[in-house]
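Per-entry structural report
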Amino acid sequence: MPGRSAKNIPLLLAAVLLSFQPLVPPAGRPGRQRSDATSGPKVWQSKLLHVDKDGKLQYIPDEKGNILPDFSRVGYEQGDQPVPDLPVVKTVSPSEVKTVSPSAVKTVSPSEDAQQAIQSAIDEVSARTPDGNGFRGAILLKKGLYTIPGALHIRASGVVLRGEGNETKLVAAGKGQRALIDVSGSGGIEEEAHSHVPIIDDYVPAGATSFKVQAAEGFRVGDRIIVFRPGTDAWIRDLKMDVIEERQGTKQWQAHEFDFRFERTVTAVRGNTIFIDNPMVMPLEKKYGGGEIFKYRFDGRITQVGVERLYCESEYASDTAEDHGWDAVSFNKVENGWVREVTSRYFGYSCVNLGSLARNISVLRCSCLDAKSQITGGRRYSFCNTGQMNFFADCHATEGRHDYVTGARVCGPNVFYHCSAERTHADIGPHHRWAMGTLYDNIATDGEINIQDRGNWGSGHGWSGVWQILWNCTAKRAAVQSPWVSGRNYCIGLKGDKYEGRLKGRPDGEWEGQNQDGLAPASLYLAQLKARTSPGKPPGDQENKQLINK
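All right, on to the overall build of the protein then. Within the protein, the secondary structure is distributed over 5 helices and 42 strands. Within the protein, the proportion of its 550 residues that are buried is 62%. Intrachain contacts of the protein at a sequence separation of at least 6 include 72% that bridge at least 24 residues.

Position of Gln 304 among the secondary structure elements: in the loop between strand E21 (302-303) and strand E22 (306-314). A polar contact of 2.9 Å, which involves the side chain of Gln 304, links it to the side chain of Glu 77. In contact with Gln 304, not counting residues within four places along its chain, are Tyr 76, Glu 77, Asn 133, Gly 134, Phe 135, Ser 157, Gly 158, Val 159, Glu 335, Asn 336 and Trp 338.

A few words now on the pattern of salt bridges. Enumeration according to the criterion identifies 35 salt bridges in this entry. Across the pair Glu 124 and Lys 90 runs a salt bridge, and its minimum N-O distance is 2.7 Å. Of the two residues, Glu 124 sits in helix H2 (residues 114-126) while Lys 90 sits in strand E3 (residues 88-93), which places them 34 residues apart along the sequence. For Lys 90, a relative accessible area of 5% corresponds to the buried category. Lys 498 is the partner of Asp 508 in a salt bridge, and the nearest nitrogen-oxygen pair spans 2.7 Å. Here Asp 508 is found in the loop between strand E41 (495-498) and strand E42 (510-512), whereas its partner Lys 498 is found in strand E41, with 10 residues between them in sequence. On the basis of relative accessible area, Asp 508 is assigned to the partly exposed category, the value being 42%.

Inspection of the secondary structure puts Leu 470 in strand E38 (residues 465-471). Spatially, the C-alpha atoms of Leu 470 and Asn 489 are 8.4 Å apart, while their sequence positions differ by 19 residues. Residue contacts for Leu 470: discarding those within four places in its chain leaves Tyr 440, Ile 449, Ile 451, Val 480, Tyr 490, Cys 491 and Ile 492.

What follows concerns the nonpolar core. In this structure, Trp 235, Trp 253, Ile 274, Ile 293 and Trp 434 are the most contacted members of the largest nonpolar core, which totals 68 residues. For this core, the element with the highest residue contribution is helix H4 (residues 524-533), accounting for 5 residues. If you look at the next biggest cluster of nonpolar residues, it comprises 63 residues, including Ala 114, Phe 392, Ile 451 and Leu 470.

On to the confidence of the model for the protein. The predicted model of the protein has a mean per-residue pLDDT of 90, with 87% of residues at 70 or higher. This model gives residues 1-39 a pLDDT under 50, and the stretch forms 92 contacts once residues within four places in sequence are excluded. Confidence drops under pLDDT 50 across residues 98-112; counting only partners more than four residues distant or on other chains, this segment forms 26 contacts.

Our next topic: H2. In this model H2 runs 18 Å from its N-terminal to its C-terminal C-alpha over 13 residues, within 8% of the 18 Å that 1.5 Å per residue would give. Looking at H2, one finds that the buried residues are Ala 114, Gln 115, Ala 117, Ile 118, Gln 119, Ala 121, Ile 122, Val 125 and Ser 126. Measuring from the backbone nitrogen of Gln 115 back to the side-chain oxygen at the start of H2 gives 3.3 Å, which picks out Asp 113 as the cap.

What follows concerns H4. Of all 10 residues in H4, 7 are buried; the element is thus mostly enclosed. Within the span of H4, buried status applies to Leu 524, Tyr 525, Leu 526, Ala 527, Gln 528, Leu 529 and Lys 530. The N-capping residue of H4, defined by a side-chain oxygen 3.5 Å from the backbone nitrogen of Tyr 525, is Ser 523.

Before going further, it helps to examine the packing of aromatic side chains. For the coordinates displayed, the defined rule picks out 18 aromatic pairs. For the pair Tyr 316 and Tyr 346, a centre-to-centre distance of 4.9 Å together with 55° between the ring planes defines the contact as tilted. On the criterion of sequence distance, the pair formed by Tyr 316 in the loop between E22 and strand E23 (327-332) and Tyr 346 in the loop between strand E24 (334-345) and strand E25 (350-354) is long-range, its members being 30 residues apart. Ring centres of Phe 391 and Tyr 417 lie 6.5 Å apart, and the angle between their planes is 15°; this geometry places the pair in the stacked category.

With that settled, the discussion passes to the pairing of E24. When you tally the buried positions in E24, you get 12 out of 12 residues, the bulk of the element. Where E24 and strand E27 (residues 367-369) come together, 3 bridges link them in parallel fashion. Residue pairing in the sheet places Ser 344 in a bridge with Cys 368 of E27.

What counts as what
- Residues numbered from 1 in each chain as written.
- Predicted model: local features only at pLDDT ≥ 70, side-chain atom pairs only at ≥ 80, totals over all residues.
- Heavy atoms only, no water.
- Helix = DSSP H or I, 4+ residues; strand = E, 2+ residues; numbered from the N terminus.
- Buried < 20%, exposed > 50% of the residue type's maximum accessible area, 1.4 Å probe, protein only.
- Contact = heavy atoms within 4.5 Å.
- Polar contact = N/O pair within 3.5 Å; in protein donor to acceptor, adjacent residues only side chain to side chain.
- Salt bridge = Lys/Arg side-chain N within 4 Å of Asp/Glu carboxyl O.
- Core = buried A, V, L, I, M, F, W, Y, C linked by side-chain atoms within 4.5 Å.
- pLDDT = per-residue confidence, 0-100.
- Expected span 1.5 Å × (residues − 1).
- Phe/Tyr/Trp six-rings, centres within 6.5 Å; stacked < 30°, edge-to-face > 60°.
- Pairing = 2+ DSSP bridges.

Printed below as a string of structure tokens:
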């Protein structure tokens, strides 16, 4: 094999991991300054897109018109605004278990524990009137130890829970699998009556940001819509997910379980053509039921919430114990939120777990360290995402299984950017039952990255995803297969070995530049962000990276 082989991966990973230091306590802000500059004498570009000297991107379509989706509108406020620093309106100190507000000082009785004090502060700030930006303010936990026998809950918009870095230590004490910090709204997506309109195109390609509908007069710029793609028996059959090899507990895929709902916003209406903010990350095909759009509302979803600069640790009975803290931070039914500079240690499942109704969340410079659980299914998903338009950057994991992972039926786009993992026990990538539109950009691991038909693993995982893109990643080895229908998967510029995957005879993914230095752009995400927000500026500018570094 030309270039680097698997035996060189430890040296490659060591170089990458050094760039992430410091990552463990007492370090406060893991991460590094990134460079999008291409090194080496030979610069090459993917056949999928061309980048000109001013950073403009030209996408090269396949025979059906599919192009690489634009992944730049993920994360907090779609990457257009930096994560804010909210002013402190409440302080909690562990030394006196005392809360301080600008107007008064309340001393809590010694019998009131840290959990009650913090939750009371959260509830008090949650009751404040939000400002014009929807912010209520930050609760500052001063450095020290906080023992939490249960969980902390944020249920209102505009609230931030902030520590003073790794010196603010929250311990999930005692027994019980739970999220230490649970951030969630209420309710769910509610369809607007009589707003359903069919999409009339025979084929809407991946990467498209427009399509024709039967009648567009009821839609306006700014409308929030669901692009609905039905599951059909024909699609399940052509994907061969009705003939998964049986073993005990195997479940064949059922069409009604694969109805997909992509959240989008209307950006323009021209005749009967609807334009949307984020691209399609899976084709809509008439032969598989096509698609439709409808308006929706989600009144219970909360916004502008954050968890930041905390060190979270779980008590545990043994290295394989499981009756203890499971997630350090969990988000669901949240839009435009963030988790930054949070370190977790000894939790059984994750540092950050984003549920299926979490969207536009940024997870920045977080570390998931030294998980404690059995090493088997359903454990150690260090940074787990099941939501839409979410962004993970500059994160690090040790002793995980699936460190940067998506769940089932995940409607993208989503991005994992510039993250690392070491001492891994399984693989990185989409996990099961069809994730759509995920970019793994500059991920480094001493284990595997796989996009494949997982067959009867679990209860019938089957195809893990489509329009999954590995860009400039480093791994011991990777399997990248493409499903029988509905799109392809891509491996561009991988440093590491290629192998066929668990199940033989599946279509190969699209591979380019394996073990070849000089891929340009070095980061697809940064190039797309630059092209969208700073058109005409030459590559190498730093402005857009500041949106991540904030």
